[in-house]
Structures are given as C-alpha cells and as structure tokens.
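Architecture at a glance
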Amino acid sequence: MSDGPPVKWIPKSEIRAIFNEMRLYERMLLGEFIVVPARDPIAVHYDFLEPGSTSQVDDYFTRTDDGTRSIHLATVHYYMQPSGKMGASGKPDPTYVFHDGIIYKSSPDS
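Below or above, wherever it landed, is the structure these notes cover. Since we're looking at a predicted model, the values are computed, not measured.

Secondary structure summary: the protein chain contains two helices and seven strands in total. From first element to last, N terminus to C terminus, the protein chain shows the α and β order β-α-α-β-β-β-β-β-β. If one aligns the C-alpha atoms of the protein chain with their principal axes, the spans along those axes are about 50 × 40 × 25 Å. With 110 residues in all, the protein chain has 39% of them scored as buried. Pairs at least 24 residues apart make up 54% of the contacts formed inside the protein chain by residues separated by at least 6 positions. When the accessible area of the protein chain is evaluated, it comes to approximately 6,900 Å², of which 53% is carbon and sulfur surface. Of note, the protein chain has its 11 positive side-chain charges centred 3 Å away from the centre of its 15 negative side-chain charges.

What counts, and where the lines are drawn
- Residues numbered from 1 in each chain as written.
- Predicted model: local features only at pLDDT ≥ 70, side-chain atom pairs only at ≥ 80, totals over all residues.
- Heavy atoms only, no water.
- Helix = DSSP H or I, 4+ residues; strand = E, 2+ residues; numbered from the N terminus.
- Buried < 20%, exposed > 50% of the residue type's maximum accessible area, 1.4 Å probe, protein only.
- Contact = heavy atoms within 4.5 Å.
- Areas by Shrake-Rupley, 256 points an atom, 1.4 Å probe, with all protein chains shown as cover.
- Lys, Arg positive; Asp, Glu negative; His and termini not counted.
- Charge placed at Lys NZ, Arg CZ, Asp CG, Glu CD.

In structure tokens:
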C-alpha cells in the first residue's frame, strides 16, 4: 500500500516541459503560491555569475483560503546574484513537480 502519490523519475528536459506547461514560475510571480526556502542559500563561485552569488532552492505550495500552504507543487533551484537577478539561464530549474496526481523528479543522471 502506498503512502502517497506515485513518483516518476524523468529527464530534466521533461520536468522543465511540465513546469513550463503548468506556468508555475509565472504563476509564482503573480503571487498565486506560497514560496518557502527549502534550505539556506549557499555561496557559489562560478565565472558565469557575479561575485557574491548564491545557490538557492525554493518550494512552491498552493495557497488555501486562509492563506496557509497546502499542496507541494514544485521545488526549484536557481542562482541569485547580488544585483537581484537570477543567474545562468535567468529562470528557476525545477527538480520536483506535482502534476495530475504524480510526483515528477528529475533524474540525477539527466
């Protein structure tokens, strides 16, 4: 017997496609979700990022009528630069998406 929804491991390109199809980033920007940091930011040093940039991971949750968080819809990773702009692609990289009753996770080797 399962304790929760089924989990399906898929390539990063497929999880991005689901994330984009659901417009999760755009909907998050509109305030539709509660965003919770999944861990403290970690300082990173890459040539393609501004000095002082951090690696960050956030969870997106649906918002209930009383404003509390409910369903975990996505986990995203991104680089935040001191200027306030996202680094690298400029968009979050989803690693977890809940869609149509299935939890999708990005395969570690993709």
